[in-house]
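# Commentary on secondary and tertiary structure
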Amino acid sequence: MVRPAAKIEIRGLSAAYGDRVVLEDVSLDVHEGEILAVIGPAGAGKTSLLNCINRMSDMIPGMKVEGSIRVDGREVRDFRDASDLRRRIGVVFPLPVGLPMSIFDNVAFAPRMGGMRDKKKLAELVERCLRQAALFDEVKDRLGDLGTRLSGGQQQRLTIARALSLNPEILCLDEFSIAVDPVTTMKIEEVIKELKQHMTIILVTNLVLQARRLGDRTALFLDGRLVEVGPTETIFSRQTADVRTFQYVQGLFG
Amino acid sequence: MNGALPFATTDVTRASRRRESAVRGLLGIVTALLILPLLAILGLLIRHGAPALTMDFLLTAPAAGMTAGGIFPTIVGTLWLVGVSLAVAAPIGVLAAIYLNEYAGDHWGTRIVNLAIVNLAGVPSIVHALFGVGAFVLFLHLGTSILSASLTLAIMTLPVIIASTKEALAAVPMSFRQACWVLGASRWQTIRHVVLPNSIQGILTGVILQVSRAAGETAPVMFTGAAFYLPFLPQSVHDQCMALSMHLFTLSTQVPGVPEALPYATALVLVGLVMSVNLTSIVLRSYLRSRRKW
């Protein structure tokens, strides 16, 4: 069996905010069409990893990145305009951020910034993304209302719809459930399973069991280092390569 | 269980309540005192100036060696000065603030610029006036003209416009910018479509407040473009003009035999102008705040 070429290849990645090292010598592959769950306690470097992949690190004052990240074989630091990279990678932040504009405009924002003007196409796109994010039925009669006035759970799904608006090949979710009620969390988890058909997903999560439910593979980070990555069933078994993995997923520390 | 009931009033709570009302009263009285000077000034101006404040006064030129007639040319002149200085200072100030807040990182270069802005805002207006004479009237050969005076006013108001605009931009949550950037929007697209539409209220308020400051200043226009008396209205920015603030100074100190009501009425017009500009800014701010989107 030929192993598929990795969608994202990370080699020797280190990152620091000023003197504070947040990632140290991380090497990791993310395969096409999988859900890679990334777990680890706060400060493990999970969010920094995402910031490096889509070069948001450029926008963070004092953040230094070393090592190599290739998306589809292309070095991310070689993108002259990081926007070209970011348009291919959807990102959902921990706290929902509805932009201060209508629900429709929230989802249409990125395509418009990319030059899409056709009203009919935009309307179709917005509906498709809202449906994919399991939000359309709740908001279809008030697409002109402010996105910031939705409830937290709805705003988080709006953020997902927005992240889908550019048809990204990669979707990064950063602890999306942190400010969302359990019912919405389960709704979004269903959405994620659905989206897996179309894209590669990196799911950073503070909920170990969420990683177990959704991850094809799971990676554990501790203090900026990758401890172990492997099939989720291995990570959650007794046969972990590193004893800390077993201890962490069993909740012996956190 | 000890004997005291859970919600009982004790000596300590009684004393604390007395102190509370004493402090509240003191703070209230001090605050109320603030209104007194304003009421006193307005009262004085209205009592002495209102009788002379007629349509004629507003719409005719001074006559009989300033001892009669109205103040029309000075109102026109002040509008020129404020308008031209605003046209220069507002765009430059807002653009500089956008650069400083949205593009420039935090390093020694921007710190020096920010320090310069703070200090420039603290320079006394008479110093701005002398700079204006040296730089615009003499060095750039603009002569004593509306242009020189307006540029001097612009230099004076610029640092405050920059500071207030920066503050308005910084009030837009960083998370909005990040949300735009991860969607592949450029910095300018983010500023144009998200940051500016949501900070425009603060920016306008800051700019308008500087309009009223520019309208009231005397020193910066006195040596650079405002004339003691002119028999005609300015036709272009290269002419001199009269100005309300300068005219008030002239009437009060430079001309003998001016009827008492004239300077008071002039002052009333000036104060009224400044207050109505400020009121506009307050109304505008509350209107825009009611449309705030988060």
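## Section: the overall build of chain A
Across its full length, chain A holds 10 helices and 10 strands. Compactness check: chain A gives a C-alpha radius of gyration of 18 Å against a globular reference of 18 Å for 254 residues, within 12% of the reference. Reported as C-alpha extents along the three principal axes, the dimensions of chain A are approximately 55 × 45 × 40 Å. The burial tally for chain A puts 56% of its 254 residues in the buried class.

## Topic: the layout of surface pockets
If you add up the space inside the largest pocket, you get close to 370 Å³. In this structure, the largest pocket is lined by 19 residues; those nearest its centre are Met 59 and Pro 61 of chain A together with Asn 101, Met 174 and Arg 187 of chain B. Of all elements in the fold, only α3 (72-103) and α7 (174-182) of chain B reach the threshold of two or more residues within the lining of the largest pocket. Considering every element that reaches the lining of the largest pocket, the biggest residue donor is α7 of chain B, with four residues. Counted by class, the lining of the largest pocket contains 11 nonpolar, three polar and five charged residues. Together, 16 residues line the second largest pocket, and Ala 168, Ala 171, Gln 201, Gly 202 and Arg 285 of chain B are the ones closest to its centre. Listed by contribution, the elements that provide at least two residues to the lining of the second largest pocket are α6 (146-170), α9 (200-216) and α12 (261-290) of chain B. Broken down by element, the lining of the second largest pocket gets its largest block of residues, five residues, from α9 of chain B. Split into classes, the residues belonging to the lining of the second largest pocket amount to five nonpolar, seven polar and four charged.

## Some thoughts on the confidence of the model for chain B
Across chain B, the average pLDDT comes to 91, with 98% of residues at 70 or higher. When pLDDT is averaged over each helix and strand of chain B, the minimum, 88, is found for strand β2 (residues 68-69) of chain B and the maximum, 96, for helix α8 (residues 187-195) of chain B.

## With respect to a nonpolar patch on the surface
Together, Ile 29, Leu 33, Leu 34, Ile 35, Leu 36 and Leu 39 of chain B line one region of the surface with nonpolar side chains, adding up to about 620 Å² of accessible area. You can see Ile 35 of chain B is positioned in helix α1 (residues 11-49).

## What about helix α4 (residues 119-132) of chain A?
All names here are of chain A. When the terminal C-alpha atoms of α4 are compared, their 20 Å separation across 14 residues agrees well with the 20 Å that a helix rising 1.5 Å per residue should span. Of the residues making up α4, those classed as buried are Leu 122, Leu 125, Val 126, Cys 129 and Leu 130. For α4, the buried positions fall inside an angular range of 125 degrees around the axis, keeping them on one side. The elements touched by buried residues of α4 are α3 (103-113), α5 (136-139) and α6 (152-164). A side-chain oxygen of the first residue of α4 lies 3.0 Å from the backbone nitrogen of Lys 120; this N-cap is Asp 118. Two residues or fewer after α4 comes Ala 134, characterised by a positive phi angle close to 60 degrees.

## Examining the side chain of Thr 74 of chain B
Residues and elements named next belong to chain B. Examined against the element boundaries, Thr 74 turns out to sit in helix α3. On the accessibility criterion, Thr 74 (0% relative accessible area) is buried. At a separation of 2.7 Å, a polar atom in the side chain of Thr 74 contacts the main-chain carbonyl oxygen of Ile 71. What Thr 74 contacts, discounting residues up to four positions off in sequence, is Met 242, Ala 243, Leu 244 and His 247.

## A closer look at the nonpolar core
Counting residues in hydrophobic clusters, the biggest one holds 66 residues, and the most contacted among them are Ile 8, Ile 10, Phe 109 and Phe 221 of chain A. Filtering out sequence-adjacent residues up to four positions away, Ile 10 of chain A remains in contact with Val 26, Ser 27, Leu 28, Asp 29, Leu 49, Ile 53, Ser 68 and Ile 69 of chain A.

## Observations concerning the interface of chain A and chain B
Contacts between the two partners involve 23 residues from chain A, matched on the other side by 19 residues from chain B. When the buried area of chain A at its contact with chain B is split by residue, Met 59, Pro 100 and Met 113 of chain A rank highest and sum to 32% of it. Viewed at the interface, chain B and chain A are joined by zero salt bridges. At the surface where chain A touches chain B, the tally comes to three residue pairs in polar contact (both at pLDDT 80 or more). Put simply, the parts of the chain that give the side of chain A that touches chain B at least two residues each are α2 (82-86), β6 (89-92), α3 and α6 of chain A. The greatest single-element share of the side of chain A that touches chain B, amounting to three residues, is contributed by α3 of chain A.

## Digging into the sheet that holds strand β2 (residues 20-31) of chain A
Residues and elements named next belong to chain A. Strands sit in the order β2-β1-β4-β5 across an open sheet of four strands; the sheet is antiparallel. For this open sheet the edge positions go to β2 and β5 (74-75), each flanked by a neighbour on one side alone. Here helix α1 (residues 46-53) sits on the sheet and contacts β1 (6-17), β2 and β4 (63-71); the angle it forms with β1, its principal contact strand, is near 115 degrees.

## Let's talk about the packing of α1 of chain B against α12 of chain B
Residue and element names in this part refer to chain B. Packing of α1 against α12 brings their axes to within 8 Å, and their N-to-C directions diverge by 135 degrees. The orientation of α1 relative to α12 falls into the category oblique. As for how α1 packs across α12, the hand of that crossing is left-handed. Contacts between α1 and α12 pair Leu 42, Leu 44, Leu 45, Ile 46, His 48 and Gly 49 from the former with Ala 261, Tyr 264, Ala 265, Ala 267, Leu 268, Val 271 and Met 275 from the latter. Looking at the contact of α1 with α12 residue by residue, the classes come out as 11 nonpolar, two polar and no charged.

## Remarks on the sheet that holds strand β3 (residues 35-39) of chain A
Residue and element names in this part refer to chain A. Across the sheet, six strands lie side by side as β6-β7-β8-β3-β9-β10; this open sheet has mixed pairing. Only two strands of the sheet have a single partner each, and these edge strands are β6 and β10 (225-231). The mean inter-strand angle of the sheet, taken between neighbouring strand axes irrespective of direction, is 15 degrees. In the sheet, strand β9 (residues 217-222) pairs with β10 via six bridges, with the strands oriented antiparallel. What sits directly across from Leu 220, in β10, is Glu 228.

Here is what the cut-offs are and how they apply
- Residues numbered from 1 in each chain as written.
- Chains lettered and ligands numbered in written order.
- Predicted model: local features only at pLDDT ≥ 70, side-chain atom pairs only at ≥ 80, totals over all residues.
- Heavy atoms only, no water.
- Helix = DSSP H or I, 4+ residues; strand = E, 2+ residues; numbered from the N terminus.
- Rg over C-alpha atoms; globule rule 2.2 N^0.38 Å.
- Buried < 20%, exposed > 50% of the residue type's maximum accessible area, 1.4 Å probe, protein only.
- 1 Å grid on protein atoms, 1.4 Å probe; cavity = no way out; pocket = protein on both sides within 12 Å on 5 of 7 lines; lining within 4 Å.
- Points joined across faces, edges and corners; volume = space filled by probe spheres on them.
- Nonpolar A, V, L, I, M, F, W, Y, C, P; charged D, E, K, R; others polar.
- pLDDT = per-residue confidence, 0-100.
- Patch = residues over 30% accessible without salt bridge, like charges linked within 9 Å, V, L, I, M, F, W, Y side chains within 5 Å.
- Areas by Shrake-Rupley, 256 points an atom, 1.4 Å probe, with all protein chains shown as cover.
- Salt bridge = Lys/Arg side-chain N within 4 Å of Asp/Glu carboxyl O.
- Expected span 1.5 Å × (residues − 1).
- Arc of directions from axis to C-beta.
- Contact = heavy atoms within 4.5 Å.
- Polar contact = N/O pair within 3.5 Å; in protein donor to acceptor, adjacent residues only side chain to side chain.
- Core = buried A, V, L, I, M, F, W, Y, C linked by side-chain atoms within 4.5 Å.
- Buried area = accessible area lost by both parts, 1.4 Å probe.
- Pairing = 2+ DSSP bridges.
- Axes fitted to C-alpha atoms, helices over the stretch in contact; angles between N-to-C directions.
- Parallel < 35°, antiparallel > 145°, perpendicular 65-115°, else oblique.
- Left-handed = near helix turned anticlockwise from the far one by under 90°.

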